[in-house]
Amino acid sequence: MNPTELILNPQTGLLRAGWRAAIFIALLNSPYLIYGLLPKNTGPSPVAAIDASLGTILTYAVFVAWVVAVSWVCLRVLEGMNLSALGFALRGDWYGDVLKGCAISGVMIAAVVALQIAGGGTRLSFNPILSQGQGGVNWAGVRSVAGEMVAALALLILAAAFEELIFRGYAFQTLLRGAPAIVPILLLSIFFGWAHWHNPNRTLLSTANTTLAGVWLSIAYLRTRNLWFPTALHFAWNWTMGVFFGIPISGLRIERPLLVTSNDGPVWLTGGSYGSEGGAAATVVLIAGIIMIWRARWLRVSPEMNATLLDRAPNREATINLGLRSGFTGED
């Protein structure tokens, strides 16, 4: 092999996918804006609260804008593609994918809680600040909870979009265009699990489940080739778990949820202080979710997204179509 072929693909004239992904990661981290500003926690610790303040929301908005900007530069300069190829364009049935993602994750979290209740030790009750003596309603508490739910809505949407742009965005997609799909799925899913390693009260099972969630979200991207669907899955999973049921989200708790869930059952089932993502109930539901999404006939790539992806290189059509069926194709 010609040494230059280790860098350039002679068939496309592009840098090979691994180099494109490496450039994206280098640019992303160059100002230390993303990871340098994120809070770091080490070792087991009490459950930490999620800060849903305006400052945190604006910070995540900056994170999202930065990742989008770097993605746009890499798409244009390295591959001659438009930003719409990233998967957040308002084309096709994008709103339908959002609704499907929210509904699926809501049902999945409800199933996790049901398994925990069936296993014993998990109990649900309304947040006590919602009521006052003699069965009355504490309207100040209602306003407080409603405000927290709205703030958490904005924060968790941005946080989900940020993580999807990092783990299912340009790096994942450019590797998908140059290698068998199993490669970016495994690499980015393991990275996704590792990124949560320093969360409070993490365990080996919680890290394995987070990696499994990375596979689930990667399959969601493969089935639609947009980021709307995995982002909706990601957001609704976190919001339903943390804001509705009051369960810690990867070791971090919403301060004023609607419900309060007590996890006095076995930690292996419920995840204990880390939350349901650290328990076997979530493992079962995530595996079921992966199978369901992979086999779902009502998930498809929109004609608009297919046209966007094929606009850069029409000869990729077979690769894209086969990738949706088997996930084991690539150009490099």
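Quantities reported herein were computed from a predicted structural model and do not represent experimental measurements.

Reading guide: rules and limits
- Residues numbered from 1 in each chain as written.
- Predicted model: local features only at pLDDT ≥ 70, side-chain atom pairs only at ≥ 80, totals over all residues.
- Heavy atoms only, no water.
- Helix = DSSP H or I, 4+ residues; strand = E, 2+ residues; numbered from the N terminus.
- Buried < 20%, exposed > 50% of the residue type's maximum accessible area, 1.4 Å probe, protein only.
- Contact = heavy atoms within 4.5 Å.
- Areas by Shrake-Rupley, 256 points an atom, 1.4 Å probe, with all protein chains shown as cover.
- pLDDT = per-residue confidence, 0-100.
- Core = buried A, V, L, I, M, F, W, Y, C linked by side-chain atoms within 4.5 Å.
- Axes fitted to C-alpha atoms, helices over the stretch in contact; angles between N-to-C directions.
- Left-handed = near helix turned anticlockwise from the far one by under 90°.
- Nonpolar A, V, L, I, M, F, W, Y, C, P; charged D, E, K, R; others polar.
- Pairing = 2+ DSSP bridges.
- Salt bridge = Lys/Arg side-chain N within 4 Å of Asp/Glu carboxyl O.
- Phe/Tyr/Trp six-rings, centres within 6.5 Å; stacked < 30°, edge-to-face > 60°.

Scanning the protein from terminus to terminus reveals 13 helices and six strands. Residue burial in the protein is summarised as follows: out of 332 residues, 50% are buried. A sequence separation of at least 24 residues applies to 75% of the contacts in the protein between residues at least 6 apart. Carbon and sulfur atoms make up 68% of the accessible area of the protein, which amounts to about 15000 Å² in all.

One non-glycine residue, R225, lies in the positive phi region at around 55°. By the element assignment, R225 lies in the loop between α8 (204–224) and α9 (228–244). Positive phi, normally seen in glycine, also occurs at S250, with a value near 50°. Along the chain, the position of S250 falls in the loop between α9 and β5 (252–253).

For the protein, mean pLDDT is 88; residues scoring 70 or higher make up 88% of the total. Taken element by element, the protein is modelled with least confidence in helix α13 (residues 317–325), mean pLDDT 38, and with most confidence in α9, mean pLDDT 98. A low-confidence stretch, residues 42–46 (pLDDT under 50), is modelled with eight contacts involving residues beyond four sequence positions or located in other chains. Note on residues 313–329: pLDDT is under 50 here. Beyond four places in sequence and across chains, it has 37 contacts.

Formed by 81 residues in total, the largest nonpolar core has its most connected members in F24, W216, L233 and W237. Excluding its chain neighbours within four sequence positions, the residues that come into contact with W237 are S105, M108, I109, V112, W216, E277 and L286.

This part is about the packing of helix α4 (residues 94–118) against helix α11 (residues 280–295). Remark: α4 packs on α11, axes separated minimally by 9 Å, with the N-to-C direction vectors making an angle of 145°. Relative to α11, α4 is oriented so that their crossing is right-handed. In this structure, α4 uses I104, M108, A111, V112, L115 and Q116 to contact α11, whose residues at the interface are A281, A282, V284, V285, L286, G289 and M292. Of the residues that constitute the contact of α4 with α11, the class distribution is eleven nonpolar, two polar and no charged.

What follows deals with the pairing of strand β6 (residues 259–263). Alternating residues of β6 divide into L259, T261 and N263, all buried, and V260 and S262, none buried. When strand β2 (residues 122–126) meets β6, the two strands line up antiparallel, connected through five bridges. Residue pairing across strands places L124 opposite T261, the latter belonging to β6.

Take the pattern of salt bridges next. One pass over the structure, following the stated rule, counts five salt bridges. Between E79 and R177 there is a salt bridge; the shortest N-O distance is 2.8 Å. Highlighted residues: E79 in helix α3 (residues 54–79) and R177 in the loop between α6 (170–176) and α7 (182–195), separated in sequence by 98 residues. Judged by its relative accessible area of 1%, E79 falls in the buried class. A residue is classified by how much of its surface remains accessible, and R177, at 10% relative accessible area, is buried. Notably, a salt bridge pairs R168 with E164, separated by 2.7 Å at the nearest N-O pair. Of the two residues examined, R168 and E164, each falls in the buried class. Salt bridges here are not isolated pairs; linked through shared partners, they connect R20, E79 and R177.

Moving on to the packing of aromatic side chains. Evaluation of the coordinates by the stated rule reveals 13 aromatic pairs. Seen from their ring centres, F24 and Y170 are 5.4 Å apart, and the 50° between their planes marks the pair as tilted. You can see F24 sitting in helix α1 (residues 17–29) and its partner Y170 sitting in helix α6, a full 146 residues away along the chain. Residues F24 and Y170 agree in their burial class; the two are buried. Each ring, one from F244 and one from F245, has its centre 4.9 Å from the other, and the planes form 85°; the classification is edge-to-face. Note on F245: relative accessible area 9%, which makes it buried. Here the aromatic cluster, defined as three or more aromatic residues joined through ring pairs, consists of F88, W94, Y95 and W228.

A word on the environment of A232. Mapped onto the elements of the fold, A232 is located in helix α9. With relative accessibility at 5%, the residue A232 sits in the buried group. For the pair formed by A232 and A103, sequence separation is 129 residues and the distance between their alpha carbons is 8.9 Å. Setting aside chain neighbours within four positions, we find A232 in contact with D97, V98, G101 and C102.

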